[in-house]
Each structure stands twice: as C-alpha cells, then as structure tokens.
Amino acid sequence: MFSYGSKGRILKKYFTVICILFFLHPVIAFARDIEITVEDEDLAWPLEGAVIILRGGVQFICDEDGIARVTLPDDRQTVISITYPGYEPLRMTIPAADVPGVQKFTAALRLGGVMTSQELVLEAARPETSETKSGRSVAISERELTRTAEIGILEDVMNSVKLLPGVGYSGMFGAMPSIRGGDPGDLTAVLDGFYLERPYYWMGSVSIFDPKMVSSARLSHGVFSSRYGQTTSGLLEVTSKSPSVTETELEAAVGTSAASVNLSLPLSGKGGILFMGKVTYWDTLVWAAKGLAQISDNETLQEINAISTAPYIRSAAVSANYRFTPDLEWRLNAFFGADGVGAEAAVDYSQMTADETEGVMEVSADYLNMQGFLITGLTASPAPKLALRFTGGAGFMYTLTEDYINNDITAPYNEDFLELLPPFMAQMYRGGTYTAPNINAEVKLDTTIINIQGRADADIDLGRGFIAAFGVQELYSVWKQFTDVSLSFIEIPVSSLSPETVGNLPPGLLYILPYLQGVEGLSIIMPRSFSGDVKNHGFTTSAYTLLEYTSPNQRFGTELGLRLDHLYFMGKNFNMMTKPAFNPRLNIDINIFKNRGYFDSFSTTLGTGLFSSINSLLSFFDPDQFGIGGNSEIEDVELKFNRSWTSVIGFKLDFLSKYSFNIEGYYKRIFDRGYITADILSSSEITPTFHFDGVGNVWGFDLQLQKMESRFIDGWISYTFTWAKYLDPSAGGEGVSMGSVDTIENWYYPSFHRFHNCNIVLNIKPAQMFNIAVRFGFASGQETNKVDNRIYPYPVLYINNEDEAVLVQKYRRDTLEEKTRTAWSLPLDIKFSFFPVNRNRRTNMEIYFSGENLLSVVYKPKGNPSFNEYTGREEPDVSSGNFDLPIPMVSFGFKWKY
C-alpha cells in the first residue's frame, strides 16, 4: 500500500515527465535530418573534419567522405555555418522542408587565409542566370567548365556547350553550332546581361569566352524567359568570374600553345578586382614545323610553309565589383581581344604534271580582328521584396580581310577534249596549247561595328509564391563596311543566258559561238564584281513583363511573359522599321512526385512561345547595291524580324543515387526568315536581293543521363535527334541564308543539319590526386549531293586582254540530284590531370596531358578523289569524307593557383 504522501510524490513525478514530454513534443514531431557534403570548391575534394555549426552552437563533424548527417530542431528555414582550417567560413541557408525524407545539400568551401569571425554569406543567384531548368535551359557550372572546356590546344567555353543536349556537332574548330536545328548564326551570346555582337576569334572558329574568365554558362534552347530575346534559335548566357573579396589570388597557366594569368585583389572586404590576360604562341609551333618540313618529304607537312602570320590570339579582361551596402552593389567588366592569321603560297604546275602544263597559282590571305567592350551595372534592393538591376555598356569590333588568288596556266589540248569539237576546229587546235585566263579573285572587307546598350530590370516579390518582373532595353548599333569583290572565274552555261545577254557579248565570242552550238557543257567566263561602302544605324527597342508563380510545396509552377521587340533601321539615304514583334511565352512546371522508393523526384514541363531576331546580313543593306523583297522602291519594303514559334514538352527524373535523367521533345515553326538571292547574269555587277518569306519546320528530341558529382566517377551521356527542313520560296538561283549558300527551290536540309548527335562525358577519379577526363561523341554527316565518278571535258570561252576569243579545255565531274551524307564524325578527347598534394592548402597545382581527335589515327573516312580541272587527271591524294582535322592534336601544360 501507498500512503497519500508517497502517492502524491509519485503523481508529481509523473506530472513532471508528462510536462517535459509535452514541451518536447514539437522537437519529437518536427525534428528532421539533412545530409550535407562539404568539399573543396575548385578540386571537389571532400573535406574530412569540416565543422557544421547550428545557431544554437551544436556542432557536427564531417566524415572521411566530407559528409555529415545533421539533425535540425524543426522543419523551418534555418541558417548554418561551416568552417574548415585554411578555408573561408561559409554561411548557408537551409530551406524549409516541403517533403518527407532526408534532404541532401552540398557546400563548396573556398581557399582563404587565417580564419576570422567574419562569415561569407551564400546568396542565391538572381533568377534566370545560372540554373538548369527543364524545357528551358541547361547550365554549366565553373567546376564542369574546368573539366570539359579547359582541354586541348585552345581552351574555350564552347567546348563545353557543344557537349550539351540539343547542340549540333560543328567540329573541333567550330564555335558556332546549330541549336536544335536553328541557323548557327542565330545563336546569341549575353555576358552579364550585355548582348555581344560577334564574340568569336578566327571567323567563328573559337569563342572569346576563356573558361578562366567565366564562372558559369547557360544554354537556353527551349522556351526561355521573356527577359531575353534577339534569337530564334538559342541563347548563351555567360556569367563572368567575380574576384575574391577577402583574399589576394594568383592563377597562372602555361600550355603547349597558350599562357594565361589571373590576379584577384580585394577591396576593403567589400569587393575586389580581377585582372585576366591570355596570349597564344603558335609562332613557335609554326617555326618548328617549318624547320621539320625542310627535312621531310611529307606533302601535308609542306603546306605549313604557306603560313606567313601564325594564328594568334591576344586578350585582356578586367572584372570588378564593390558592395557599398548590403543592398547596393556595383560591377564592371572590360575586355579587349585581337586575333589574326596570314598565308601566302605559290604552286608551280610544271612540277605537278608530267606533260607540258605550265603555270603558277598564287594565294594570299590576311585576316585581322579586334574587339572590345566595357560593361557596368548596379544591383539594388531598396525594399526586401524589390530587386533592381541596371546595366549599360558599349562595344566595338573591327575586322579586315584581304584575300587574293591568281591562277595562270598554259596546257596542251587533249584528244578527249578535241573529240567534242567540230572536225575542222579539232584539226585547228590539235597539237596546240591554250593559256587559261588569269583567273583570279580579290576580296577585301573592312568592317566596323559599334553598339551601345542600356537596360533596366525589376523583380517584385508579390508574396504567396508570385513574382512579377518587367524591364526595358535600348540597343543602338552602327555598322560600317567597305566591300570590294572581284571574281574573274565565274563560269556561266551558255544555255542559261537570255537572248538579250547573248546579244551583248563581245564580237569575238559571237563569232565562235555558232560553231560550238550543241557541245555539252559549253560555258563562258564572265567576270563579276561587287563593291559597296555602307554606313547604317539601328535602334532596337525591347520591353518585357512576366509573372511567375510557385506553389508552397513546389509541386506546381508557371511563368507567363510577354516580350516586345522593335527595330528602326536607317542609312545614308533611307530609313525603315519593323512592325513591333509581340512574343508571348508560357511555361508550366509540374512536380508529379517526390521521394518515392529510389526516386528523388519526377517532374514534367510544358512550354510554348514566340521568338524574334534580325538577320545579321541585313546590317549592311544598301538600297543602291541591293534589292529587297522584289520591290523597286524602298518605301514599299516591309522589314521583318526572323520569327519562330517553339513548343516543348519535357520530363525529368532524379534518383536518390545522384543520377538524373531528362528528356525533351520539341517542335519549331520558323517563318519570315530572311535570306538573300544573287543575280549574276544580268550584268557584270552582282546584285543581291533580300527576302523575308523563308520558312522552316524543325522537330526532334534530346535526352541526357547525368551522374552527379561523386568521389570516383561522374559525367553525362546526351543524345540529340534533329529533323530540320527549310524553304526559300523566292530563291530561283543561289540563295544565301544567314551566310550559307543553297541552290535549291524546294524544301531542303540546311548545310548544318545532322540527324544524330551523341556525347559521352566522363570524369574518372581513381585517386584524389588524379583525374581522367574523357569526351567521346559521334555525329551523323551533313547532306550533300552525290557526284558522278566520270570525269569529262567541256569547252569554256573567254575574252583575253587583246579582246581575242580563247577556247579553254576544262574537266569536271557531274553533281547528281540524288542526295547522300558525309561520313560520321567520331571525336575522342582525353585529358590526364595530376594534382600534387598540397599540405598547406593555400596553393593548387595541376599538371595535365591531353589529346584531341585521337580516333583520326585509325578512322579516315574517304571522299571523292580530287582531280586537276585542266588536265582531267585524278590527284594521288584522296579528299576526306568529312571536315574534321585528319590528325590528332596533343597538348600538355601546367596550372598553378595561390
């Protein structure tokens, strides 16, 4: 039995326990576990022993894999701190829990100096800058850039972009790929919100985006936000690298063909300034190759002697930012780059043939390009729910191209050629020789482009998951170009000449023509030329507004936007404008489920929208030299944007085991596309004409299986299928579409089209100090016409300098109407990296060796044998079946960072 007193003490004891359980109930009910992986920002090494500190002071220590399982007191948003000796402290926001299960996060620490009590706040990037969004874009982080872009003889961000789904293969030296069946010239690049006119070196072979000046890149190839426009194909958003605000950093790299240096200086702990420079030194490689050519009989190697100016790139850049207050930051970017190449060669025909053929072909080509820009901007948050961004800048580009070809040949008439002629003419020419015209081509282009831009953007948090945004932009451009083109080798079949044109031929040709009537392939050489001196201006005005919504549990999201673009275009004696192009866009995101079995989430995306851009060739329009749309009066011309309507559906499946699978299908209708036709028959002056009635149909799908960052292996596999056909309704002759030539009146596959593109990207890390980066791909060929193997002679007439008619013997191979495809491309690149152990962790070092296009050693697709067009004899060398380099490219280098 218990007495009252003892029973009272027992009840009191139970009452105390009940009270404790009552007050601890929220902890028991709502405490949650998260998993945090802490690693080195640059090397992705796990940081064993890193300390994670909660607000209450509770600490968790990371294991040998850099992982810590952290128990949070409740499911609300919280802030944690992460520290590790020798690294800058990190403050990280953990969002509120919206799904059951263990959430996983990754924190990347940056090398720093001695630890202080100061903390680095991890802030989210502003919307639409660095994130991957299904149905809209694919982002590449700085870490991925170092592994896929920093490889080979030329490190380029486009090396990484070309590995993404939806991107067509463009070869090793091709920085202008086709994006989901779009024209390569329609890929628009934006650096920190600033539109870049032509961000390329070597006429599009390499981009100006050095991986060491870029923190992230994002390719938008779906229905992307109405914040950006000026493209119907794809948008490349590049974010410049920011300097450290606390530490002085020095990074240097020396490789086979280039050297670069970066120096970052802090500014009072509120900002920093980063200096970047790069120089190539192919001069040394060319000099060594020329020396080797002197002692070698290799004919391919002898071609190196034609280089008079080694290909070069010189660039310098500055990036700076300064945070005046927590809500006001200033930024600045400046860039200057120069590139060029030159070649001179002479071919002696008498050393190439065994007969009496004589003559010399001389070739000279020089290319110089300079460009630069200055960008500045402010980011402000005058209120907790308002973000403002102001960006302004100016840029320029100057390009000078001078090309010259002179082909002078004297050769004997062959019997197979004389059989084509009437008997009396064959007897007249038998045993004789002819002197081909001083066939030459001279091209000079002197181009200057200046653009000045300004834009303002505002994002407003309306609460309850709604965000509204709007912005305006003005782009002023100046295009100046002096053109002088002289072509003396244009062959025109006599059958295509009108009676009026024939009647205006020189008397010498009129005398001999009747005797050659009916001879197969009879042509006349008629010199043609084009010259112009253009200075045009343009004001492109854009405005947008959009509304975003995300449900509280992030199961549903949508974005509805409207963009307006307008162009006012004027020149020396004309002005015209487009109608405003209204581009509505809609995206819907649905998260079907989260945390089910082996799956982290499964979501789908639907999107549709309109896009617009201006044909870049229109910039140099001159009503005195060009026609436009068949109108004789400029007042009758309706200037139009290139337009496209794109629709996308995508599915994304994320696995708990750090795998992600994404598949997207799309349809794109292209209309009002600009292209050019050229009249080369009516007069000696070539007359181009602009048209705005081009159309196109594009559909396809692309998929990507990605293995997220892991200790031993990661990377992705992407596959792209593209079906694209274009139509130029007004192209009765040669049509130029954004720079490519098509002589087809019906629907056609454009020259850049490939059905299949696949890329496999692997990073293999057998040990922390070793990394093996592998890039392998295959791409189907481009469409071309089949050719007849028969090589046959045909007569060509021209008037020499003495006004005499000369009969020239030439040979050709017929191009058939039947289509075929060039050979498959199989690029294989491998990079071996060694990271020496660094005890103090203040310095990083990489020694690497890489090889590009390695399969060219064994994979040599054959094309059609080449032949001499004057003798008809096949050359011993056989042309390649594709346009890739026929040899591997090997490089090695050293990188150091402090």
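Quick notes on the rules
- Residues numbered from 1 in each chain as written.
- Predicted model: local features only at pLDDT ≥ 70, side-chain atom pairs only at ≥ 80, totals over all residues.
- Heavy atoms only, no water.
- Helix = DSSP H or I, 4+ residues; strand = E, 2+ residues; numbered from the N terminus.
- Buried < 20%, exposed > 50% of the residue type's maximum accessible area, 1.4 Å probe, protein only.
- Contact = heavy atoms within 4.5 Å.
- Areas by Shrake-Rupley, 256 points an atom, 1.4 Å probe, with all protein chains shown as cover.
- Phe/Tyr/Trp six-rings, centres within 6.5 Å; stacked < 30°, edge-to-face > 60°.
- Lys NZ or Arg CZ within 6 Å of the ring centre and 35° of its normal.
- Polar contact = N/O pair within 3.5 Å; in protein donor to acceptor, adjacent residues only side chain to side chain.
- Pairing = 2+ DSSP bridges.
- Axes fitted to C-alpha atoms, helices over the stretch in contact; angles between N-to-C directions.
- Salt bridge = Lys/Arg side-chain N within 4 Å of Asp/Glu carboxyl O.
- pLDDT = per-residue confidence, 0-100.
- Patch = residues over 30% accessible without salt bridge, like charges linked within 9 Å, V, L, I, M, F, W, Y side chains within 5 Å.
- Lys, Arg positive; Asp, Glu negative; His and termini not counted.
- Charge placed at Lys NZ, Arg CZ, Asp CG, Glu CD.
- Core = buried A, V, L, I, M, F, W, Y, C linked by side-chain atoms within 4.5 Å.

Caption draft 1: The overall build of the protein, seen in detail. Within the protein, the secondary structure is distributed over nine helices and 48 strands. Residues counted as buried form 49% of the 898 residues belonging to the protein. For the protein, restricting intrachain contacts to residue pairs at least 6 apart in sequence, the fraction spanning at least 24 positions comes to 70%. Looking at the protein as shown, the accessible area adds up to about 41,700 Å², and 61% of this sits on carbon and sulfur atoms.

Caption draft 2: Highlighting the packing of aromatic side chains. Tallied over the entire structure, the rule returns 36 aromatic pairs. Judged by centre distance (5.3 Å) and plane angle (40°), the ring pair of Phe770 and Phe834 falls under tilted. Of this pair, Phe770 sits in strand 41 (residues 770-779) while Phe834 sits in strand 44 (residues 828-834), placing them 64 residues apart in sequence. Note on Phe770: relative accessible area 37%, which makes it partly exposed. The side chain of Arg812 reaches across the aromatic face of Tyr794, ending 4.0 Å from its centre. One Lys or Arg, Lys895, reaches over the ring of Tyr848 and ends 5.2 Å from the middle of that ring.

Caption draft 3: Summary view of the environment of Gln481. Structurally, Gln481 is set in strand 25 (residues 466-487). Measuring from C-alpha to C-alpha, the distance between Gln481 and Ile449 comes to 8.6 Å, with 32 residues separating the pair along the chain. Apart from the residues lying within four places of it in its own chain, the contact partners of Gln481 are Leu445, Asp446, Thr447, Gly532, Asp533, Val534 and Phe620. A polar atom in the side chain of Gln481 sits 3.1 Å from the side chain of Thr483.

Caption draft 4: The side chain of Ser137, seen in detail. Within the secondary structure layout, Ser137 lies in strand 9 (residues 137-141). A polar side-chain atom of Ser137 sits 3.4 Å from a polar atom in the side chain of Arg218.

Caption draft 5: Structural context of the sheet that holds strand 42 (residues 783-799). Reading across from one edge, 26-27-42-43 is the order of the four strands in this open sheet, with mixed pairing throughout. The sheet is open, and its two borders are formed by strand 26 (491-493) and strand 43 (805-821), each paired with just one other strand. Between one strand and the next, the sheet's axes are offset by a mean angle of 35°, whatever the strand orientation. Where strand 26 lies against strand 27 (residues 523-525), three bridges are found, and the strand directions are antiparallel. Bridge assignment links Pro493 to a residue of strand 27, and that residue is Ser523.

Caption draft 6: Structural view of the pairing of strand 21 (residues 358-383). For strand 20 (residues 328-348) and strand 21, the ladder comprises 21 bridges, and the chain directions are antiparallel. Paired with Ala343 across the two strands is Ala365, which belongs to strand 21. As judged from the 24 bridges shared by strand 21 and strand 22 (residues 386-412), these two strands associate in the antiparallel manner. Opposite Asn369, over in strand 22, you have Thr399 as the bridge partner. Hairpin connection of strand 21 to strand 22: two residues between the antiparallel strands.

Caption draft 7: Expanded view of the pattern of salt bridges. Applying the stated rule across the entire model yields 24 salt bridges. Here Lys895 and Glu155 are joined by a salt bridge, their closest N and O atoms 3.2 Å apart. Note that Lys895 is positioned in strand 48 (residues 889-897) and Glu155 in the loop between helix 2 (142-148) and helix 3 (157-161), a separation of 740 residues in sequence. The exposure classification of Lys895 matches that of Glu155, with both residues buried. A salt bridge links Asp702 to Arg180; the shortest N-O distance between them is 3.0 Å. Of this pair, Asp702 sits in strand 36 (residues 687-707) while Arg180 sits in the loop between helix 3 and strand 10 (187-191), placing them 522 residues apart in sequence. The exposure classification of Asp702 matches that of Arg180, with both residues buried.

Caption draft 8: Representation of the confidence of the model for the protein within the structure. Here the protein averages 82 in pLDDT, and 86% of its residues register 70 or above. Per-element confidence in the protein ranges from a low mean pLDDT of 36 for helix 1 (residues 4-30) to a high of 95 for strand 29 (residues 556-570). Every residue in residues 113-130 scores below 50 in pLDDT, and together they form 39 contacts with partners more than four places removed in sequence or on other chains. Note on residues 733-744: pLDDT is under 50 here. Beyond four places in sequence and across chains, it has 34 contacts.

Caption draft 9: Molecular detail of a negative patch on the surface. Judged by side-chain charge, Glu48, Asp63, Glu64 and Asp65 come together as a negatively charged surface patch. Looking at the element boundaries, Glu64 is found in the loop between strand 3 (59-61) and strand 4 (67-72). Given a relative accessible area of 57%, Glu64 falls into the exposed group.

Caption draft 10: Structural view of the nonpolar core. Ranked by internal contacts, the top residues of the largest apolar core, which has 58 residues, are Leu421, Leu516 and Phe569. With 46 residues, the next largest nonpolar core counts Ala189, Ala217, Leu236 and Ile313 among its residues.

Caption draft 11: Summary view of unusual backbone geometry. You will see that Ser268, though not glycine, has its phi angle at about 55°, which is positive. Checked against the element boundaries, Ser268 lands in the loop between strand 17 (258-267) and strand 18 (271-280). Residues other than glycine seldom take positive phi values, yet Arg464 does so here, at roughly 55°. Structurally, Arg464 can be placed in the loop between strand 24 (439-463) and strand 25.

Caption draft 12: View of the environment of Ser233. Relative to the helices and strands, Ser233 resides in the loop between strand 14 (214-220) and strand 15 (234-240). The class of Ser233 is buried, set by a relative accessible area of 6%. Counting along the chain gives 413 residues from Ser233 to Thr646, while the straight-line C-alpha distance between them is 9.4 Å. Other than its neighbours up to four places away in sequence, Ser233 contacts Ile179, Gly182, Asp183, Asp186, His221 and Lys668.

Caption draft 13: Focus on a nonpolar patch on the surface. Judged by side-chain polarity, Leu250, Val261, Leu263, Leu265, Phe275 and Tyr898 come together as a nonpolar surface patch covering roughly 440 Å² of accessible area. Examining the composition of the nonpolar patch, we find that three residues originate from one element, strand 17, more than from any other. Within the fold, Leu263 resides in strand 17.

Caption draft 14: Here's a closer look at the sheet that holds strand 4. The strand order across the open sheet built from three strands is 4-1-7, with neighbouring strands paired in mixed fashion. Each end of this open sheet is capped by a strand with a single partner; those strands are strand 4 and strand 7 (103-109). Across the sheet, the axes of successive neighbouring strands diverge by a mean angle of 30°, strand direction being ignored. For strand 1 (residues 32-40) and strand 7, the ladder comprises seven bridges, and the chain directions are parallel. By the bridge assignment, Ile36 is partnered in strand 7 with Phe105.

Caption draft 15: The environment of Ile179, seen in detail. By the secondary structure assignment, Ile179 is in the loop between helix 3 and strand 10. Expressed as a C-alpha distance, the spacing of Ile179 and Leu235, which sit 56 residues apart in the sequence, is 9.1 Å.

Caption draft 16: A look at the side chain of Ser612. On the secondary structure map, Ser612 appears in strand 32 (residues 599-613). The exposure class of Ser612 is buried, given its relative accessible area of 2%. Within the structure, Ser612 has its side chain in polar contact with the side chain of Asn583 (distance 3.0 Å). In this view, Ser612 contacts Gln230, Thr231, Thr232, Asp565, Ala581, Asn583, Phe641, Asn642 and Arg643; residues no more than four positions away in its chain are not counted.

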